[in-house]
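Listed below, chain by chain, are the residues.
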Amino acid sequence: MSKEVFLCAISNISSGSCAEDCGFCTQSSKHHADIQRYKYKDIKEIVKEAKVAKANGAVGFCLVTSGKGLDDKKLDFVCQSAIAVKKEVPQINLIACNGLASLEQLRTLKKAGVELYNHNLESSQNFYKTLCQTHSWEERYQTCLHVKESGLRLVCGGIFGLGESETDRASFIQSVKSLNPFTMPLNFFHPNPALPIKTKPMDEDEALKIIQQTRAELPNTRLMVAGGREITFKTKQNKIFDAGANAIVIGNYLTTSGAKPNKDIVMIKNAGYEIASFCNE
Ligand code: SF4
C-alpha cells in the first residue's frame, strides 16, 4: 500500500440548531449542548478557511451544514460557497456534507463545483434505530445511492464507540462496502455531558482493530480517521496508518478542536509516511 496520507479539512458553514435527535451529535437542539450556533458562516470566512487548509497541505475541503437535509435557501448557500472556494482555491477537492439530498439537489451541487458528497450511514441498520428516531437509516442509504447516480464521488462512513456490538460493526462495514465509497470516514465518539450516550472514549487498541478490519474489507477505499482521533488514539495516533488508514481530518472538527496541522504533519512523517499532494485522478 502507498505510504501517502491525504489531509482533509472541514468547515462547519451552518452550525447547530438541528431539529433531528441523533444521540451522538451536539448539534441537535434536543441536547442543549454548549456549542457555537450560527445560521450561515460568512462566505469570505469560508474562502479564508479553504486557503488556510490548502496552505496546511489539505487536498480536500468539506462544506458541512447541520440539519436533516437541504432546502432551496441552504442549497443556494452551499452552491455560492462552493463557487467562491473553487474560484479562489481551485487546487482543492471540494466536498459537501449537507444531510439527506435528492438526486436533483446533488446535481445542482455538482454544477457549482462540488466533487464529492459525504453522507454517513453512521452505524448498522439495526443499531441506528437506537441512535435516531427522527429519520431512518434507509433514508440515509437512499441518499448515498443518489450520490452515486449523480456522478459525485461518495464519501460514506460512520461513528464507532456508541455502545454498538461487534455484530453491528461488521454489519455496518458490509453496508458501507456495498456502496463502494471513494472515501470512508471513521469517526470515534467524543463524549459530551449534554449527550444521552454516555460511553467513554474507546480503547486505542480496540479502535486500531476497527481500522484493520475495515481496511481488510475495503482494500481500495480511502480510509479517513476523522472526529475523535486525538481523544481515542492519544499517543498511538501514529499507529493508525500501519493499521490501514490513509487519510485524516486536520484542524478543527465540527464542534470540537483538533490538533495543530503542523503537529499532525510531523506525526505523519515520523511514522514513515508522506503527505499526499493534490491530484485530480
Ligand atoms: S441530522 Fe446531522 S446535524 Fe442533525 S443531529 Fe443528526 S448528525 Fe447532528
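Just above sits the structure.
In this report, we go over the structure that sits alongside the text. (Residues numbered from 1 in each chain as written. Predicted model: local features only at pLDDT ≥ 70, side-chain atom pairs only at ≥ 80, totals over all residues. Heavy atoms only, no water.)

1. What to know about the overall build of the protein chain
Here's step 1: If you tally the helices and strands in the protein chain, you get 10 helices and 10 strands.
Here's step 2: Whereas a compact globule of 281 residues would reach a radius of gyration of roughly 19 Å, the protein chain reaches 17 Å, a difference of no more than 12%.
Here's step 3: Once the C-alpha set of the protein chain is aligned to its principal axes, its extents read approximately 45 × 40 × 35 Å.
Here's step 4: Taken across its 281 residues, the protein chain has 56% of its residues classed as buried.
Here's step 5: If you sum the accessible surface of the protein chain, you get close to 12400 Å²; carbon and sulfur atoms cover 51% of it.
Here's step 6: Averaging the positions of the 35 positive and the 30 negative side-chain charges in the protein chain gives two centres separated by 3 Å. (Helix = DSSP H or I, 4+ residues; strand = E, 2+ residues; numbered from the N terminus. Rg over C-alpha atoms; globule rule 2.2 N^0.38 Å. Buried < 20%, exposed > 50% of the residue type's maximum accessible area, 1.4 Å probe, protein only. Areas by Shrake-Rupley, 256 points an atom, 1.4 Å probe, with all protein chains shown as cover. Lys, Arg positive; Asp, Glu negative; His and termini not counted. Charge placed at Lys NZ, Arg CZ, Asp CG, Glu CD.)

2. Structural notes on the environment of S15
Here's step 1: Looking at the secondary structure, you find S15 in the loop between β1 (4-14) and α1 (43-55).
Here's step 2: Exposure remark for S15: the relative accessible area of 2% places this residue in the buried category.
Here's step 3: Considering only alpha carbons, one finds S15 and K48, 33 residues apart in sequence, at a separation of 18 Å.
Here's step 4: Within polar-contact distance, the side chain of S15 engages the side chain of N12 at 3.3 Å. (Polar contact = N/O pair within 3.5 Å; in protein donor to acceptor, adjacent residues only side chain to side chain.)

3. Observations concerning the nonpolar core
Here's step 1: With 74 residues, the main nonpolar core has F61, L109, Y117, L121, F188, I211 and I240 as its most contacted residues.
Here's step 2: No other element matches the seven residues that helix α2 (residues 72-88) contributes to this core.
Here's step 3: Not counting residues within four places of it along the chain, the set of residues in contact with L121 comprises Y128, W137, R140, Y141, C144, C156, G157, F172, S175, V176 and L179. (Core = buried A, V, L, I, M, F, W, Y, C linked by side-chain atoms within 4.5 Å. Contact = heavy atoms within 4.5 Å.)

4. A look at the site of the ligand
Here's step 1: Around the ligand, the surrounding shell consists of C18, E20, C22, C25, S28, S66 and G67.
Here's step 2: Here the residues of the shell around the ligand sort into three nonpolar, three polar and one charged. (Near = heavy atom within 4 Å. Nonpolar A, V, L, I, M, F, W, Y, C, P; charged D, E, K, R; others polar.)

5. Details of the pairing of strand β7 (residues 183-188)
Here's step 1: Of all the six residues making up β7, six are buried; the element is thus mostly covered by neighbouring parts of the structure.
Here's step 2: Taking every second residue as pointing to the same face, both faces of β7 are buried, with T183, P185 and N187 on one and M184, L186 and F188 on the other.
Here's step 3: Pairing of strand β6 (residues 158-160) with β7 involves three bridges; the strand directions are parallel. By the bridge assignment for β7, F160 is matched with F188.
Here's step 4: Note that the unit made of β6, helix α6 (residues 166-179) and β7 has a crossover that is right-handed.
Here's step 5: Sheet topology places β7 next to strand β8 (residues 222-225); four bridges connect them, and they run parallel. The residue of β8 that forms the bridge with L186 is V225.
Here's step 6: Since β7 and β8 lie parallel, the crossover through helix α7 (residues 204-217) that links them has a hand, and here it is right-handed. (Pairing = 2+ DSSP bridges. Right-handed = clockwise from strand over helix to strand, strands pointing away.)

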